[in-house]
Amino acid sequence: MAVNEGKEDTLSLVEKQEEDEIREALAVLAGSDPDNCSYPQGYVKRQAVFACNTCTTERMAPAGVCLACANNCHDGHDVFELYTKRNFRCDCGNRTFGSFKCKLNPEKDIQNIKNLYNHNFFGRYCSCDRPYPDDDDQVGEEMIQCVVCEDWYHTKHLGCAVMESEELLEMVCESCMNRAPFLWTYASYFAFPPVSHMSHCKEDEDMNVVKGEGKKATLHPCRTVLDEASTSQGFQKEARLITNGIKAESHKRTHEEMERHPATCQFDIAPCKLQELKDKGSVRAGVGAVFWPYSWRSELCNCTRCKRVYVEAGVQFLLDETDTVLAYENKGRTRALLGEDLLLTCLSSLDRVQQLELIYQFNDMKAELHEFLQQCADQEKVVTAEAICTFFEELQSRKKRRSSPGQYYCS
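In short, a report on the structure. This structure is a prediction, so every number in the text was calculated from the model and none was measured. (Residues numbered from 1 in each chain as written. Predicted model: local features only at pLDDT ≥ 70, side-chain atom pairs only at ≥ 80, totals over all residues. Heavy atoms only, no water.)

1. Quick look at the environment of Cys176
Move 1: Along the chain, Cys176 falls in helix H3 (residues 174-179).
Move 2: We classify Cys176 as buried; its relative accessible area is 4%.
Move 3: Residues Cys176 and Glu150, spaced 26 residues apart in sequence, show a C-alpha to C-alpha distance of 10.0 Å.
Move 4: Beyond its immediate sequence surroundings of up to four residues, Cys176 is in contact with Cys146, Val148 and Cys149. (Helix = DSSP H or I, 4+ residues; strand = E, 2+ residues; numbered from the N terminus. Buried < 20%, exposed > 50% of the residue type's maximum accessible area, 1.4 Å probe, protein only. Contact = heavy atoms within 4.5 Å.)

Here it is in structure tokens:
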């Protein structure tokens, strides 16, 4: 009896995991429009993106298409999903596709110059540049997406221990950490696991502390080393505080000093978080991928200097709370699909390709049913059982034939 209960518990866990994966797939697709090409929206902040092996090969430039174009323009092609991409504009029918034109929005620029591409668009992933799924991978190892470059990595190629946590985590690969090296400082305090060893060197202390009369006084966090190096000895005295709480001299600078040493920031401006963390001196080895709690972006400094650094490193999106995949999926979940529980039951017995096929057809049916009911309401017609049967018969006759072999049935 106990053995059977154990098997039932194992099955229930597997079923729950499969259902969670299906819900995630639904959320990804539900966050994008299945009927209208996203091209007119410009570079969409985040959307589901697909690549077509039939239209673009390795010898061609990379290209990605939106959900609607994957469903309509590339129906029957060898299409694979790339999950979601940020700030991407649909390429369907542009110069990369040669004479092939987008059926939904044929008037497009020849190229989307702001789109970013990588080897994912040719079906390859990770630093090992292997396909997924990989026929040579007998284990079927899990892959994790970097939230910066959006490439997918095998856990064995991350260069670090994979964090097991009930809390939702984000991962930044080692390459992207080095692309934005200031992130290593934040990682010392906010990433998993946090660094407990504190290391202070004399040079760091000298940069952030003014010496005088055997006492130390911490300078304002926004002041840089260059600012302090150019400050006169007399002004350094004025900036110093005596430990007994009595000011040694007035903090007010003369007109001549203000002209020679313009202030880089005012005392009423919020201090630089990054500089404060650097001053603490915590050290983290700059190797391997880094796992972060989902709230880590809120810890990033918002001062003007740091924002400029984010732009230079190409990671300014880290300050945008709506950039995350979770925010996008939550948007999709708010567009709850009709009959979600029934759909989940059907999808649980299908593989990923079949799941996408069924979801595409389900979206088509939902859109046409909504239009049919809206027409009935506008014409003040009573929706009878006969009318519903007629609707589905006409829908079946109009349904496009898919090139995938066989029909998919739910058991």
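Now that the structure has been shown, we can carry on.
2. Comments concerning the packing of helix H4 (residues 183-190) against helix H9 (residues 273-280)
Move 1: Interaxial distance between H4 and H9 falls to 10 Å at its minimum, and their mutual angle equals 70°. By the angle class used here, H4 and H9 are roughly perpendicular. In this structure, H4 crosses over H9, and the sense of that crossing is left-handed. Here Thr185, Tyr186, Tyr189 and Phe190 of H4 come into contact with H9, specifically with Leu274, Leu277, Lys278 and Lys280. (Axes fitted to C-alpha atoms, helices over the stretch in contact; angles between N-to-C directions. Parallel < 35°, antiparallel > 145°, perpendicular 65-115°, else oblique. Left-handed = near helix turned anticlockwise from the far one by under 90°.)

3. A word on the packing of aromatic side chains
Move 1: Applying the stated criterion across every chain, the model contains 10 aromatic pairs.
Move 2: For the pair Phe88 and Phe121, a centre-to-centre distance of 5.8 Å together with 20° between the ring planes defines the contact as stacked. With Phe88 in strand E2 (residues 79-88) and Phe121 in the loop between E2 and strand E3 (124-125), this pair connects stretches of sequence that are 33 residues apart.
Move 3: You can call Phe88 buried: its relative accessible area is 1%.
Move 4: Pairing Tyr189 with Phe190 gives two aromatic rings, centres 6.4 Å apart and planes at 55°, and the pair type is tilted.
Move 5: Of the residues examined, Phe190 reaches a relative accessible area of 23% and is grouped as partly exposed.
Move 6: Ring-pair connections join several aromatic residues into one group, and the members of that group are Phe88, Tyr117 and Phe121.
Move 7: Residue placement shows Arg86 over the ring face of Phe317; its charged tip is 3.6 Å from the ring centre.
Move 8: The ring of Tyr189 has Lys280 lying over it, and the distance from NZ or CZ to the ring centre is 5.5 Å. (Phe/Tyr/Trp six-rings, centres within 6.5 Å; stacked < 30°, edge-to-face > 60°. Lys NZ or Arg CZ within 6 Å of the ring centre and 35° of its normal.)

4. Remarks on the pattern of salt bridges
Move 1: The full count for this structure, using the stated rule, is 12 salt bridges.
Move 2: Arg297 serves as the salt-bridge partner of Glu170, at 3.2 Å between the closest nitrogen and oxygen. Taken together, the residues span a long stretch of sequence, with Glu170 in strand E7 (residues 169-172) and Arg297 in the loop between strand E10 (290-293) and helix H10 (304-313) at a distance of 127 residues. For the pair shown, Glu170 and Arg297 are each scored as buried.
Move 3: Three or more residues joined by partner-sharing salt bridges are found here, namely Arg46, Arg86, Glu150, Glu170, Arg297 and Asp323. (Salt bridge = Lys/Arg side-chain N within 4 Å of Asp/Glu carboxyl O.)

5. Topic: the nonpolar core
Move 1: Grouped together as the largest cluster of nonpolar side chains are 45 residues, with contacts concentrated most on Met171, Val172, Phe182, Leu183, Tyr186, Trp292 and Val315.
Move 2: Here this core takes four residues from H4, the largest share from any one element.
Move 3: In contact with Phe182, other than residues within four places in its own chain, are Leu274, Val309, Tyr310, Ala313 and Val315. (Core = buried A, V, L, I, M, F, W, Y, C linked by side-chain atoms within 4.5 Å.)

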